[in-house]
Amino acid sequence: MLVDAVLTDLVGLSMRPERPVVRRIGVHHGRIVGVDEELDGVRARRTVSLDGACVVPGFNDAHNHMVLFGMSRTEIDLATPPMRTVEDVYAAVAERARTQPPGTWIVGSGYDQNKIGAHPHRDGLDAVAPDHPVWLRHTSAHMSVANSRALTAALDGVPVPEGGRVATDPDGRPNGLLEEQAQMLLRRLRYPFPEEQIVRAIGAASERYLSEGITTCTEAGIGRGWIGHSPVEGAAYQVARERGLLGVRVRLMVASDSARELEREPGQPPANGIDLGFRTGFGDAWLRLGAMKIFADGSLIGRTAAMCCDFKGEAGNSGYLQMDAEALRERILRAHAGGWQVATHAIGDRAIDIVLDAYAEAQARLPRRDPRHRIEHCAVTRPDQLGRLAELGVVPVPQATFVGQIGDGMRAALGEAREPWCYRQRSFVDAGLTVPGSSDRPVAQGSPLLGIHHMVNRRTLSGALLGPDETVSPLDALAAYTRGSAYAGFDEHQMGTIAPGHLADLAVLDDDPTAVDPARIRGIKVLATMVDGEFAYQAPGVGFSA
């Protein structure tokens, strides 16, 4: 047998319990055809020595916002660092205003009021950019701030959407802050975004992802609604692929705002979907429809998530749903009836209760084999909810990166008694649930190795240990970003492990994340990334060749 390549001189962490470590990997036509002794007597067109490097299945980010991240690379970076105060934000906007023509939009993203002391105010933005509309997105993406020029246009005769809030000063004047669905007032001024802008954003994000060892990701919401960029956003992904700009495999979550009631034969229950009835699973190994994305509530650090009890220090504020509870239930039931995997954003424990009830009802009414519904974030999970998640076979999709990057804000919002419920990992695993790895980028930095680091260490920026009982082993963390994410996307039969028949998608690392000091995991470097049997990325100075 003649194969395309055999990779040698490596330490391969296969993520297969029956064969945890491999030393040789055979690749042919984009697939793994054998490992170790299975390659004895096999001839190869290329034999590639990896010089003792550690090889793992390609990383899979189960929840990110690829287009939003790609676009953010051309916007003002409002993260901390470099921003330390609200005045730093104003200074950055002023600098951009000096370089942009009057009347053009100034857009920034990534600020966190917990780190800079407060939300920017419209008056402060007016002072530094009176001739530009200004739109600054919060790091959670669940709220934005606008100056008067943008805000006046946004509020011009348009009612505030249900599930959103326009914040005001004590005198009742809007202060520039728009929460949750109220952001639609701003987005309508720029939506839909041009296809070419979306395509370029996909290309920019792909380059970054490949450099971090990512070979697959799930885009957590395309199309209509406040999370989408165009009603035909999926077409931009096809164009990016045709032009060679889509470097990683993508599963596209369709925003439920893009769905409509399907015309079906008489007697069928009401179902929502997209035209022609395409649903989860349509596509190929490169680009495929994933779940239908539904929003139940908001943000933890923004204190808009739907909680059973008030946020710490804010009597009377227990957050809110993004739609009426009955409307949320109906939307979930109709997505299930349409054959979709359902992925509902639910952060607060009250929102999680409502979603679990709807999932249980959907499956009782219309039983389906392995619907594998998901709860995106599943952030504040009470002990009594763990058993229900397991009973229903729900996939929780937490982001450990939040612990290390915005964990102090989450602790402040919850208080000491509820801290142990926050962005669980170990409790999900112990309950028998399969947990994927994800970043929610650009809400947080998206490197999978950084995510693995935070799963294992769970230290906030201040050094606090958030949920010490929720730490997992490096091997479990690596499994989340490989095997776990594959399972969350119905891909476990073709990715997530180094096994014959699986896609030849691999990340080559300069050290073994399961063997180093846990404090050093975040410092491991990606030497190369293989997709479809070819090196799509090699770090500067690295040149693996025959």
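Every value quoted in this text rests on a predicted model; they were computed, and no experiment measured them. (Residues numbered from 1 in each chain as written. Predicted model: local features only at pLDDT ≥ 70, side-chain atom pairs only at ≥ 80, totals over all residues. Heavy atoms only, no water.)

Structural notes on the sheet that holds strand β20 (residues 395–397)
Strand order in the open sheet formed by seven strands is β6-β13-β14-β17-β18-β19-β20, with parallel pairing between adjacent strands. Only two strands of the sheet have a single neighbouring strand rather than two, namely β6 (59–64) and β20. The sheet shows a mean angle of 25 degrees between the axes of neighbouring strands, taken without regard to direction. Contacting β17 (287–295) and β18 (342–346), helix α9 (residues 325–337) crosses the sheet at an angle of about 160 degrees to β17. (Pairing = 2+ DSSP bridges. Helix = DSSP H or I, 4+ residues; strand = E, 2+ residues; numbered from the N terminus. Axes fitted to C-alpha atoms, helices over the stretch in contact; angles between N-to-C directions. Contact = heavy atoms within 4.5 Å.)

A few points about the layout of surface pockets
The computed volume of the largest pocket comes to approximately 770 Å³. If you go around the largest pocket, you meet 33 residues; those closest to its centre are Ala-79, Gln-405, Pro-442, Ala-444 and Gln-445. Broken down by secondary-structure element, the contributors of at least two residues to the lining of the largest pocket are α1 (66–72), β8 (106–111), β9 (134–138), α12 (400–414) and α14 (448–457). Split by residue class, the lining of the largest pocket holds 11 nonpolar, 12 polar and 10 charged. The computed volume of the second largest pocket comes to approximately 650 Å³. Along the wall of the second largest pocket there are 24 residues; nearest its centre are Gly-234, Ala-235, Gln-238, Ile-274 and Leu-289. Elements that contribute at least two residues to the lining of the second largest pocket include exactly α8 (233–242), β14 (249–255) and β17. The biggest single contributor to the lining of the second largest pocket is α8, with six residues. The residue makeup of the lining of the second largest pocket, split by class, is 11 nonpolar, five polar and eight charged. (1 Å grid on protein atoms, 1.4 Å probe; cavity = no way out; pocket = protein on both sides within 12 Å on 5 of 7 lines; lining within 4 Å. Points joined across faces, edges and corners; volume = space filled by probe spheres on them. Nonpolar A, V, L, I, M, F, W, Y, C, P; charged D, E, K, R; others polar.)

Topic: the pairing of strand β5 (residues 43–57)
Examined bridge by bridge, strand β1 (residues 2–13) and β5 share nine bridges and lie parallel to one another. For Leu-7, the partnering residue across the bridge sits in β5 and is Val-48. Taken together, the four bridges between β5 and strand β21 (residues 506–509) define a ladder with antiparallel strand orientation. The partner of Val-56 across the bridge, within β21, is Ala-507.

Observations concerning the packing of aromatic side chains
The full count for this structure, using the stated rule, is seven aromatic pairs. A centroid spacing of 6.5 Å and a plane angle of 80 degrees characterise the contact between Phe-59 and Tyr-481, whose relative ring orientation is edge-to-face. Within this pair, whereas Phe-59 is found in strand β6, its partner Tyr-481 is found in helix α15 (residues 474–488), the two being separated by 422 residues in sequence. Given a relative accessible area of 0%, Phe-59 falls into the buried group. Here Phe-535 and Phe-544 contribute two aromatic rings whose centre-to-centre distance is 5.9 Å and whose plane-to-plane angle is 35 degrees, an arrangement assigned as tilted. Exposure class is identical for Phe-535 and Phe-544. Each is buried. The ring of Trp-135 has Arg-137 sitting right over it, with the charged end atom 5.7 Å from the ring centre. We note Arg-441 situated over the ring of Phe-69; from NZ or CZ to the ring centre the distance is 4.8 Å. (Phe/Tyr/Trp six-rings, centres within 6.5 Å; stacked < 30°, edge-to-face > 60°. Buried < 20%, exposed > 50% of the residue type's maximum accessible area, 1.4 Å probe, protein only. Lys NZ or Arg CZ within 6 Å of the ring centre and 35° of its normal.)

Remarks on the pattern of salt bridges
Summed over all chains, the structure comprises 40 salt bridges. In this structure, Arg-441 and Glu-212 form a salt bridge, with 2.7 Å as the shortest nitrogen-oxygen distance. Of the two residues, Arg-441 sits in the loop between α13 (426–430) and α14 while Glu-212 sits in the loop between α7 (195–211) and β13 (214–222), which places them 229 residues apart along the sequence. Considered together, Arg-441 and Glu-212 belong to a single accessibility category, that of buried residues. A salt bridge links Arg-331 to Asp-257; the nearest nitrogen and oxygen atoms lie 3.9 Å apart. Placement of the pair is Arg-331 in helix α9 and Asp-257 in the loop between β14 and β15 (260–261), with a sequence separation of 74 residues. (Salt bridge = Lys/Arg side-chain N within 4 Å of Asp/Glu carboxyl O.)

What to know about a nonpolar patch on the surface
Together, Leu-276, Phe-278 and Phe-282 give the surface a local cluster of nonpolar side chains, amounting to about 340 Å² of exposed area. In this fold, Leu-276 is placed in the loop between β16 (272–273) and β17. Judged by relative accessible area, which is 77%, Leu-276 ranks as exposed. (Patch = residues over 30% accessible without salt bridge, like charges linked within 9 Å, V, L, I, M, F, W, Y side chains within 5 Å. Areas by Shrake-Rupley, 256 points an atom, 1.4 Å probe, with all protein chains shown as cover.)

Regarding the nonpolar core
In globular proteins that are soluble, nonpolar side chains generally tend to be buried together. One finds Phe-59, Met-66, Ile-202, Tyr-237, Val-250 and Leu-509 to be the most contacted residues of the largest nonpolar core, which totals 50 residues. Of the residues forming this core, the biggest block, seven residues, is contributed by α7. In this structure, Leu-289, Val-342, Val-394 and Leu-433 belong to the second largest nonpolar core, which totals 31 residues. (Core = buried A, V, L, I, M, F, W, Y, C linked by side-chain atoms within 4.5 Å.)

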